[in-house]
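Observations on chain architecture
Residue-level listing of the chains:
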Amino acid sequence: MNLPQSLRWIPANSTWSKWKPVIRSALAAWIAVVVFIIPPIENILGQAAFLIIIASFLSPPSDPFIAVLEREIIVLIFVSLGWAWVCLGLMFASLARTQILPDASIRTIITGEYIEAGPSVIIGVFIFIGSTFFLYIKARLGPGPFLPASVFGCICVDISLMTAVLFPYPYYKIGQMIILPLAFHSAISLVVSILVFPQSVSAQFTTYMQGAVTPLAAAISLHRSHLLEDVTSSAFSYKQITDAANKAENTLPMLAAAARLLKLDIVYTRLAPTDYNEMHGIVRKLMVRVHGMGVYFTLIHPTREQFPVTPAVSHPATPVHPRSPSPRPDRPSSVTTEERHAPSADKEIRHRKPSHHHQPLSFHARSYPANSTSPLHSPRPYKHSRSHHAHHTLLHSSLLHLALSRVPKHSGETAVGVFESQKYLNLEAIHLSHPDSNFFTARANELLSDSCQDLLSVCQEVLGISGAWIGNVGGFSFDFLRGYNEDKAQNHREEVQRYEDLLEKLMRELDEFSTKKRLTVLDPYRPMFDRSDDTSSDYEVPPHRYLFHCYVYQYHLLQFAALLQDMLKEIIRLETQREKPKLWLPSLPKLFTWRTWEPYEINEQEDDEDPETIPGIDPTWMTDLGKAVKRDPDALPPRNGLERAMNWIYRAVISIGGGNMLFALKAATLTVILAIPSFLKTSAEFAYANKFVWAVFMAQLTLARFRGDTTFGVIARIISTFAGGLIGTVIWYISAGNGRGNPYGLAAVCAVCYPSFFFARLYWPIAPMTNLIIWVTTALVVGYSYDDTHLTVSSSPGWGIDVAWRRFVLVTVGVLAAGIFSHFPPSTTIRSYQRRTLATTSAELGSIYCSVVSYANSHVEKDSTITVRSLLAIRSKLKRSLVLKENVIYEFSLRGKWPAERYLKILEIQTQIAYELCYLMSVVHDLEPAWAHAFLRRTRMLDSDFQGDVLAVISLVSNALHTGSPLPQITPCPLLDRFMLRHHGLNVVHEESEDDYGLPRTLTVETLENLQYLTFCVGVSTTFGIITRLDRLMVAVKELVGEQYHIDGMGMSVMTTEV
């Protein structure tokens, strides 16, 4: 059955495991309805009894018990804080009241007759401060268990104080009508979470982990098939591999959310909740490795990325030699003999015989020492002949025209990055190309496939069996009454033996791959070490970059297989040590430990996130890594207690100007403005009778930090309120008919409708806010209608359609007020959020880069998983910003269109750098000290001049994005020019280097076969990738912010010097 795209989510989620939380949530909501319609309980709950139904949709018990417990406790604490704040405000207001009449009738009170100016002002101040507090928490902590709690806290303050202002005495019990329905809802949710399809955090964690491992197995299967294809074909695509890897990685935020609560889980099973921590770390590392294996296809693919130059239509220029596209991280010096030492490289390339490449591999070449002029070892740059010089003079003219034509005509923009483009394209034309790239690539891929297929097959088998184990390990049938019989013990031993056999198979294949099979890729390079051959042999050894391509893939495959080996060992350990189930209880739980940098399950559609904070990164840890400490340019550090105290006060006052606090103050101001009709005698009765408080807190919660999100909220809330009002009206009249509400009819209708409602509430793939408001409005119409027909209330908006249209009008008034108010200063936009987020991630990437280099230099043992986790947090932050920018279309601007493609380019480059830093951290961790120092010397990471340029580029990029200031026209970029200052080829140590660190200066077959040499080469390739991406990042940021500090003639002087 072919369903429309908009309905395919229904069968996709129609599984028993997905229906369990739906049934649990629907049953809890139905029980709340039954409790609500019982007259004695309804009288106890009071006029706001309908909140018990609304809370069922706002906070359904669809999560594991511990998560529900955490959320409900935090909600009750926040509402209690709101009630306490209300009582404090009422006490102060009563002190300012001229007359206190505890015997005043309710009919007189609601007319506003007892409203006084002094108490109204005090209550307004308390509304302002209380709203500021809860909204600041909402913005500061972002998505998480504090989000619904802060919303309910705002509702408690708004309803209580806006109603209490009418009373001529301090009505302290007014907060009770808010907290009682929520307390009943919390109790029902907790009981249902325990009794109805109970789910533990461990079970949720294993479900998410299985959702991560299954796509990994699919990705490995795709690797096997893609390695057998013609990678040089224009039809070749590795998108399926990337999609499978991304699908696996997308489960990591949810996995981290479940892992956060594992230490609090209560479960009766074989495995302790904390036993999964090791598996969690392994799965995280597997994500990095599978992406690293995919890098190989970006290196060899014909359409791989080049330096960001967009050629426009131009006049015909002098033809240049055909060349392959710009390489990726592993081509620092792939200059062949023809390019360096032949008298006329142009002539040789034009007359090269392709048959040379098709000679058998038995046709050998002479062995070359490391300091000779072999095709792979020449350290000296090629001196151009006259013809080559003339060719590149014309080439530079073409490059200059190409760079200047990057900006479309009539765009009103000037060209940027011309200086970098000239130098970079010159590097690509001279050093980073080869006319026979396709042949070398196809041959290298064939050898790589032959070497890796067996190990990939075993890895795929391990992932499949491990995924099945993860899915079944949490299952437990209550058969302990029958005892732990011998058959069950025998089955368990056989299962463990199966895992041990698989581990032995993996270890055997991994050992054979490490010692024999991986060396297959060296076959094209072995002839040059055979001294029996004639020196005049014309066999051409491939440039070293093709070997580096294979090494990159093999390295990540080795690491991937080693992680799978650790996973199997962990499975065997758990199966051996945890044979019998037992009750696991948390030890000294820290239930409310929560920090903004702790990973949590977030909703990608949420808009209240701090662009200056990256969840998942501890700011203190980042400082320990060497992040520069900001100094006050106007004052020295405090010298005594008084200066320290005044410094703290100054910083506290300055922090009020932060984005989160400004948003909270602005939203609180809007709340007080909209509450004014309830504070005036002339309008208080009208505002109370028509429930104007609905407009107040709807405006309060619609206003977001960014104008685009607020505008989207306005549109979404109006549409969803209209839809929810219609659904609620239909349900009310079906249950009540023409009467004033039938409790049995309402219970019956809800029992029928709630399963489908909660299925849509949990799985409907629309904007979460739209989804939520639809069902909250439905519950409000039904609940308020029943309240007004069964309770004696001071004022009634009616029932059915009367409640629905009043709700729609008031919501429209509130959200429109929020939309208008969002344009008043201080006003922030998603555009600035995107730019500041990219500035923050740039700075943090620079800090992690420094930590990796420091670790490579000192080898002080630190937990590398912290770095990997931090880089994952950066990637998650970048992914969320990618989703959040969708609401930019709601930010209307007369200045021009937002450059979405330019921001996307910067985001993609930063994501790639984050991955490369993960790979580099792994490489330096695996390198022995001597090899690590040789690696640092070759990549110039110990060269203070070069590292100064690298850090200057990072700082320039971050500051330009943060402030929007233009970059200098002349920058240290391209860094690649200085990175390739000394050419090594396949050598480990340069011939002119004074120190060889105990490593061989003469290249031998044994060196090429050394596993440390493989790791060394991958490190060089990875560093090359980081450097080239920093160059591309500089140009991408220049396209965004522009350039300044122009020097006439600088570009032509650079060309003349290089030529």
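Our subject is the structure that appears above.
Residues numbered from 1 in each chain as written. Predicted model: local features only at pLDDT ≥ 70, side-chain atom pairs only at ≥ 80, totals over all residues. Heavy atoms only, no water.

Moving on: the packing of helix α13 (residues 276-300) against helix α32 (residues 900-926). In the contact formed by α13 and α32, the axes pass within 10 Å of each other and the chain directions differ by 105°. The orientation of α13 relative to α32 falls into the category roughly perpendicular. Across the interface between the two elements, V288, R289, H291, G292 and V295 of α13 pack against Y915, C918, Y919 and S922 of α32. Its residues placed into classes, the contact of α13 with α32 shows five nonpolar, three polar and one charged. (Axes fitted to C-alpha atoms, helices over the stretch in contact; angles between N-to-C directions. Helix = DSSP H or I, 4+ residues; strand = E, 2+ residues; numbered from the N terminus. Parallel < 35°, antiparallel > 145°, perpendicular 65-115°, else oblique. Contact = heavy atoms within 4.5 Å. Nonpolar A, V, L, I, M, F, W, Y, C, P; charged D, E, K, R; others polar.)

Quick look at empty space enclosed by the protein now. The full count for this structure, using the stated rule, is 14 cavities of 30 Å³ or more. In this structure, the second largest cavity encloses a volume near 110 Å³. Looking at the second largest cavity, it is lined by 13 residues, and the ones nearest its centre are K666, R705, P826, S827 and T828. Counting residues per element, the lining of the second largest cavity draws most heavily on helix α23 (residues 659-679), which supplies four residues. Each residue belonging to the lining of the second largest cavity can be placed in one class, and the counts come to six nonpolar, four polar and three charged. (1 Å grid on protein atoms, 1.4 Å probe; cavity = no way out; pocket = protein on both sides within 12 Å on 5 of 7 lines; lining within 4 Å. Points joined across faces, edges and corners; volume = space filled by probe spheres on them.)

Glancing now at the side chain of R717. Relative to the helices and strands, R717 resides in helix α26 (residues 707-736). For R717, a relative accessible area of 7% puts it in the buried group. Of note is the side chain of R717, whose polar atom sits 3.4 Å from the backbone oxygen of L701. Those residues within four positions of R717 in sequence are excluded, and the remaining contacts are M698, L701, T702, M769, I773, V811 and V815. (Buried < 20%, exposed > 50% of the residue type's maximum accessible area, 1.4 Å probe, protein only. Polar contact = N/O pair within 3.5 Å; in protein donor to acceptor, adjacent residues only side chain to side chain.)

Okay, the nonpolar core next. Judged by nonpolar contacts, the single largest core of 162 residues is most densely connected at Y551 and Y553. Of the residues forming this core, the biggest block, 19 residues, is contributed by helix α20 (residues 544-577). Non-local contacts of Y551, meaning those with residues more than four positions away in its chain, are made with V521, L522, L1008, Y1013, L1014, C1017 and V1018. Within the second largest apolar cluster, 110 residues are counted, among which are F36, V79, A93 and A695. (Core = buried A, V, L, I, M, F, W, Y, C linked by side-chain atoms within 4.5 Å.)

Contact geometry for helix α4 (residues 51-58) and helix α9 (residues 176-195): axes closest at 8 Å, N-to-C directions at 50°. Between α4 and α9, the angle falls in the class oblique. Crossing hand, α4 versus α9: right-handed. When α4 is examined against α9, the residues L51, I52, A55 and S56 are found in contact with a partner set consisting of M177, I178, P181, L182, F184, H185 and I188. Considered class by class, the residues forming the contact of α4 with α9 number nine nonpolar, two polar and no charged. (Left-handed = near helix turned anticlockwise from the far one by under 90°.)

Applying the stated criterion across every chain yields a total of 41 aromatic pairs. Seen from their ring centres, F712 and Y890 are 5.5 Å apart, and the 55° between their planes marks the pair as tilted. Here the residue F712 occupies a position in helix α26, and Y890 occupies one in the loop between α31 (864-884) and α32, the gap between them amounting to 178 residues. Take F712: its relative accessible area is 18%, and that puts it in the buried class. Counting every residue linked through ring pairs, the aromatic cluster contains W9, W19, F759, Y763 and W764. Lying across the ring of Y763, K18 places its NZ or CZ 5.5 Å from the centre. Positioned above the aromatic ring of W694 is the side chain of R807, whose terminal nitrogen or guanidinium carbon lies 5.8 Å from the ring centre. (Phe/Tyr/Trp six-rings, centres within 6.5 Å; stacked < 30°, edge-to-face > 60°. Lys NZ or Arg CZ within 6 Å of the ring centre and 35° of its normal.)

This part covers the environment of A699. Mapped onto the elements of the fold, A699 is located in helix α25 (residues 693-702). Residue class for A699 comes out buried when judged on its relative accessible area of 0%. Sequence spacing of A699 and V811 is 112 residues, and the spatial spacing of their C-alpha atoms is 7.8 Å. Not counting the four nearest positions on each side in its chain, A699 is found in contact with L670, L674, G814 and A818.

Next up on the list: unusual backbone geometry. Cis geometry is adopted by the peptide bond preceding P974, which originates at C973 and carries an omega value of 0°. Position of P974 among the secondary structure elements: in the loop between β3 (967-968) and α35 (975-979). Of note in this structure, F197 is not a glycine but carries a positive phi near 45°. Considering the arrangement of structural elements, one finds F197 in the loop between α9 and α10 (201-227).

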